[in-house]
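Fold and geometry: a report
Now for the letters of each chain:
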Amino acid sequence: MEQNRRPKTILETCGEEIIRIVTPVSICMLLVVILVSVLNGGSSLDDGLSFATMATMAYSESSSDSIWDKIKGALLNSLVFVAVVTVATFLLVLLFYLNCTKFLKYYMGFSSLLVLGFMGGEIALFLIKVSNFPIDCFTFAVALYNFTVVGVVAVFISKMAIFVTQAYLVVIGMLVAYWFTLLPEWTTWGLLVAMSLYDLAAVLLPGGPLRLLVELAMARDEDIPALVYEARPVISDAGLGDGVVRRRVWREGRGDLDEDQRLRSDLVSDSSLRTYGESEREINIVDAEEGRALGRDSELAAPLIQHINIRMNSLENAVSGENLALEGIGLGSSGAIKLGLGDFIFYSVLVGRAAMYDFMTVYACYLAVIAGLGITLMLLAFYQKALPALPFSVLLGVLFYLLTRLLLETFVVQCSINLLMF
Amino acid sequence: MDDDSRVPLSNLHAAGNLLPTTGEASSSTSRSVRTEWPTIDGPLGLSHEESLTYARRFFKLGFLCLPFLWAVSCFYFWPVLRNPRSQQSHPRLRRYLVGSAIGFFLFTTILSSWALTFAIGGERLFGHVWGELVMYNVAEKYGLAGWI
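Please read these numbers as outputs of a predicted model, since none were measured by experiment.

1. Re the overall build of chain A
Helix and strand counts for chain A stand at twelve helices and four strands. Taking all contacts inside chain A whose residues are at least 6 apart in sequence as the whole, residues at least 24 apart take part in 79%. A total accessible area of about 17200 Å² is found for chain A, and carbon and sulfur atoms account for 69% of it.

And the structure:
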């Protein structure tokens, strides 16, 4: 049995975990880019798109305004949006504090019903119209009904197949992100920057709502009822020399973003990566036989990304045989990174908006977002507490978008025209 | 052989790991056979008792015109479905799964035959009714796609 004991390299453990979070983010972005290029193909929707939503309540952009007016309008819209999100997050904290978890769960189910049913249906209708797909209304109704109900079940039930739950969360993120890309351009960019600043403040400041939420959940040792993407934990092989495996679990207190109604009533954007710091209840057990030190940390709940260190074989469990059996099975404390759905949505909005200009900006923004995510994950491993996931990625993404659009594009186009490169 | 007893760790949350107890104190290297998990998620999935509850619930809910739920149920409990030896170890679970699979295939056959007839037959077969039934016309008539 010695051949089973080949220790996993750091590439396999850490790399596997990072890949398991980067892959769904990339898939969501890819789907939004595909949707944007298929449905908006060619014509820009910036002209006169004045549908009244929460995000454009303060100022409805039209293409005839001057640049300064657009900037002012975008700022105003973003401020209003961030204010609404703050109020909604505080409301969520209050409800969580008053133990209304059932209500929050039902609300989550309801909003995923709205997103999957109505938004999914509308986008499917757009696709059908664009492609002239000859589907009849009965089949369409049955298919949509199935898709929606199974999605709500997957979000509701905590023990559904991991793949199904993850797939549905990615789809929900994609649908909401597509909706956001329909906003006017300047408003979208202003919104992105404002949300990342809000995220930074809400997670790191002592009075921030997301930080309060995380601390509450930590103190009570329970889950935040919210839409969170949890990566499948990397399970280490049995009998590895290093008996300590970190389990990173983070919950995002992110409420679901829906269309107007939801935005109006209850917006929680916990698009923050948070990691919780370790609590004081760290118990170290030294296994005399095997010479391994095992510790047990409490679970840290942090919205967005949490780093929860749970090690098996806790002291409290008196049955040592059981402990050793668990240790023997080796399913131990492998962690799972959790990323809030808000992060998925705003990353995809950024890349989708970049896709509305050209694919060059898409590549640049994708790289920027992934780089930002990588930096955040590194900081997560380093600081071991809840971290906001938006700031690095979104600010890098916006920077890269501007640089590409202003500088890189001219260069590449000129080179291509003169058959020099590319 | 399957181990039906599961002891959940009192301090595990979130990913809901339920691990079997083997009753042995030795390390896993002395066990060459892992206990069989009923779900496709393996150790991260459900225990055997919970699987029965879930499979029954999915089977019954699927009768609400939800073949996709039956398909998801078959996917979720795939290890039980594909292993013919589970007829002895999980008879009731397997019965629900086979029922779900049969229901899914039946429903899908009926639905897809209708959909294909509609799509391929087109106006030649249906006449002007085709134009009234096809989805993009229905959407335009009722203004369904204009909410965004």
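2. Quick word on the overall build of chain B
Broken down by element type, chain B carries seven helices and two strands. Along chain B, helices and strands appear, N-terminal first, in the series β-β-α-α-α-α-α-α-α. Intrachain contacts of chain B at a sequence separation of at least 6 include 47% that bridge at least 24 residues.

3. Some thoughts on the packing of helix H5 (residues 162-181) of chain A against helix H10 (residues 341-355) of chain A
Between two packed helices, both the angle of their axes relative to each other and the distance between the axes serve to describe the pair. All names here are of chain A. Where H5 meets H10, the axes come as close as 8 Å, and the angle between the chain directions of the two elements is 45°. Taken together, the axes of H5 and H10 are oblique relative to one another. Along this stretch, H5 crosses H10, giving a crossing that reads as right-handed. Only Leu-341, Phe-344, Ile-345, Ser-348, Val-349, Gly-352 and Arg-353 of H10 make contact with H5, whose side of the interface consists of Leu-169, Val-170, Ile-172, Gly-173, Val-176, Ala-177, Phe-180 and Thr-181. Looking at the contact of H5 with H10, its residues break down into ten nonpolar, four polar and one charged.

4. Details of the pattern of salt bridges
All names here are of chain A. Applying the stated criterion across every chain yields a total of six salt bridges over all chains. Taking the shortest distance from any N to any O, the salt bridge between Glu-185 and Arg-405 comes out at 3.3 Å. With a gap of 220 residues between them, Glu-185 in helix H6 (residues 185-204) and Arg-405 in helix H12 (residues 390-417) connect regions that are remote in the sequence. Overall, the relative accessible area of 30% leaves Arg-405 in the partly exposed class. A salt bridge links Glu-230 to Lys-338; the shortest N-O distance between them is 3.8 Å. One end of the pair, Glu-230, is in strand S1 (residues 228-230); the other, Lys-338, is in strand S4 (residues 338-340), and 108 residues separate them in sequence. For the pair Glu-230 and Lys-338, one class covers both residues: buried.

5. Some remarks on the packing of aromatic side chains
Scanning the model with the defined rule gives 21 aromatic pairs over all chains in all. With a centroid separation of 5.2 Å and 80° between ring planes, the pair formed by Trp179(A) and Phe180(A) is classed as edge-to-face. No difference in accessibility class separates Trp179(A) from Phe180(A), as the two residues are buried. Arranged with centres 5.0 Å apart and planes meeting at 40°, the rings of Tyr76(B) and Phe77(B) form a pair that is tilted.

6. Let's talk about the UniProt feature "transmembrane region" (unreviewed entry) in chain A
Residue and element names in this part refer to chain A. Following the UniProt record, one finds the feature "transmembrane region" (unreviewed entry) at residues 21-39, 74-98, 110-128, 140-157, 162-180, 186-205, 363-383 and 389-408. Taken end to end, residues 162-180 comprises 100% helix and 0% strand; its first and last C-alpha atoms sit 27 Å apart. The annotated region residues 389-408 carries 95% helix and 0% strand content, and the separation between its end C-alpha atoms amounts to 27 Å.

7. Description of the side chain of Asn83(B)
Residues and elements named next belong to chain B. Within the secondary structure, Asn-83 sits in the loop between helix H3 (78-82) and helix H4 (86-89). Look at Asn-83 and you get buried, because its relative accessible area is 16%. In contact with Asn-83, not counting residues within four places along its chain, are Glu-36 and Arg-94.

8. Concerning the UniProt feature "transmembrane region" (unreviewed entry) in chain B
All names here are of chain B. Taking the UniProt record as the reference, the feature "transmembrane region" (unreviewed entry) is found at residues 58-78 and 98-120. Helix and strand shares over residues 58-78 are 71% and 0% respectively, and the end C-alpha atoms of the span are 14 Å apart. Counted over residues 98-120, helix gives 100% and strand 0%. Its end C-alpha atoms are 32 Å apart.

So, how was this worked out
- Residues numbered from 1 in each chain as written.
- Chains lettered and ligands numbered in written order.
- Predicted model: local features only at pLDDT ≥ 70, side-chain atom pairs only at ≥ 80, totals over all residues.
- Heavy atoms only, no water.
- Helix = DSSP H or I, 4+ residues; strand = E, 2+ residues; numbered from the N terminus.
- Contact = heavy atoms within 4.5 Å.
- Areas by Shrake-Rupley, 256 points an atom, 1.4 Å probe, with all protein chains shown as cover.
- Axes fitted to C-alpha atoms, helices over the stretch in contact; angles between N-to-C directions.
- Parallel < 35°, antiparallel > 145°, perpendicular 65-115°, else oblique.
- Left-handed = near helix turned anticlockwise from the far one by under 90°.
- Nonpolar A, V, L, I, M, F, W, Y, C, P; charged D, E, K, R; others polar.
- Salt bridge = Lys/Arg side-chain N within 4 Å of Asp/Glu carboxyl O.
- Buried < 20%, exposed > 50% of the residue type's maximum accessible area, 1.4 Å probe, protein only.
- Phe/Tyr/Trp six-rings, centres within 6.5 Å; stacked < 30°, edge-to-face > 60°.
- UniProt positions renumbered as here; feature names shortened; annotations may be inferred.

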